[in-house]
Amino acid sequence: MKAVTLLSVLGQVALLTLNADAHPGEEHEVLTPYELAKRYAARDLRHNKAKRCAPHIARFESARKAKRSLQLKKRQDVATATASAVTPHYTTIQSTTCVTAPEVTEGPYYVNNELIRQDIRDEQPGLPLILDLGIMDTTTCSPLSDALVELWHCNTTGYYAGFTGLTSTTPGGDDGAPGDIPGNGTAPGNGTGPPPGGPGGSQDMTDQETFLRGAWVTGGGGVVEMTSVYPGYYTGRTAHIHLMVHTNYTVNSNGTISSHAGTLLHIGQLFFDDAVNDQVFALSPYNTSQQSRTRNDEDGILSQQNSDGYSGFVSLEQIDPNSIEAGFYGYLTVGVDTSADQTIASTNYASGIPEDLLLSASSAWSEFQETAEASPTA
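The text that follows walks through the structure, step by step, so that each part is easy to find. (Residues numbered from 1 in each chain as written. Predicted model: local features only at pLDDT ≥ 70, side-chain atom pairs only at ≥ 80, totals over all residues. Heavy atoms only, no water.)

Right, let's talk about the overall build of the protein chain for a bit. Counting its secondary structure elements, the protein chain contains 7 helices and 10 strands. Residues counted as buried form 53% of the 378 residues belonging to the protein chain. Restricting the contact set of the protein chain to residue pairs at least 6 apart, pairs at least 24 apart contribute 82%. Surface exposure of the protein chain reaches about 15,600 Å², of which carbon and sulfur atoms provide 53%. (Helix = DSSP H or I, 4+ residues; strand = E, 2+ residues; numbered from the N terminus. Buried < 20%, exposed > 50% of the residue type's maximum accessible area, 1.4 Å probe, protein only. Contact = heavy atoms within 4.5 Å. Areas by Shrake-Rupley, 256 points an atom, 1.4 Å probe, with all protein chains shown as cover.)

The strands making up a sheet associate through backbone hydrogen bonding, with each pair oriented either parallel or antiparallel. Taken in spatial order, the 4 strands make up an open sheet running S5-S4-S7-S8, and their pairing is antiparallel. With one partner strand each, in any of the chains shown, strand S5 (213-217) and strand S8 (263-271) form the two edges of the open sheet. Adjacent strand axes in the sheet meet at a mean angle of 20° when their direction is disregarded. The pairing of strand S7 (residues 240-247) with S8 spans 8 bridges and is classified as antiparallel. By the bridge assignment, His240 is partnered in S8 with Phe271. (Pairing = 2+ DSSP bridges. Axes fitted to C-alpha atoms, helices over the stretch in contact; angles between N-to-C directions.)

Our next topic: the pairing of strand S4 (residues 148-152). Among the 5 residues of S4, 5 are classified as buried, and the element is accordingly described as predominantly covered. Neither face of S4 is exposed, since Leu148, Glu150 and Trp152 on one face and Val149 and Leu151 on the opposite face are all buried. Where S4 and S5 come together, 5 bridges link them in antiparallel fashion. Across the sheet, the residue bridging to Val149 is Trp216, located in S5.

Below you can see the structure in the form of structure tokens.
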């Protein structure tokens, strides 16, 4: 394992301090040199484990390319139908590995106990984004089945569900006006859940919207597919998607997850190439955003995660090679250490979710369980 010197640690503390100043609306803890040294030592250990898996990852990628070549024409023919697909295009891990460090922030916009579902759009506009995420256990170099993968991100104009009323120091523009994007209007209150805010930099919630949040589980091949829209950006941050990976999870009978019931293995963020961002953000409704854009090379959290051989960039493939507006397939393999046990800082909870969304989620989960029982390797 690579030694962590006091000088390097102090340098990292300085970097984190700069990052905090560079991201208005996101509060990040400043770590002591000792705490930071422990985190970086743990990260190096995970990185060494992931490097041992390199041949396995290469085989996964070789299989991916062969399978893609065979299925490309078929996928083009059914491109318009796949936006609502509920099964992965591939059942094996598809791309090179992303190993993110646990010190990469969960951010202030995480909400506990969201819906179990594969399609997290809630009628939000934007380019379709179908994510095929492979989860690899770096302690065994094998796909991790039955892992709960949770995603959340802002919409095309920079708003997170639950926080659409924030002011210019956080996502929301100069006057905090949500704009005309569906789901961003006046929203119900916080309901009767636990009090909002709390430690870890959590923002107080302004509503109980659920768009662009949700979780689903990996099948026997270690792959989960989820459907969303290509994320927008907000002042101080480049386009990104937050991700958590849980095991020993609990799904409630009403179609929500229990965020603190299992083991949290991984907290990370996914990113996109700026050449693609440039094309997407020129389109409506992305080009109506009132946020100030931050590019990848200006985002301190991106540079923090994508260093020392780590990579959180999603590999994108257009659904229709002739039109970017048809959306993207996105592939990423996330390496996780199954001996890890991370902590959720947010004390914000979902409450008052509409009955139709709860019913849809619980029904889809019940159907998935029945299918899994009938075909354990699905």
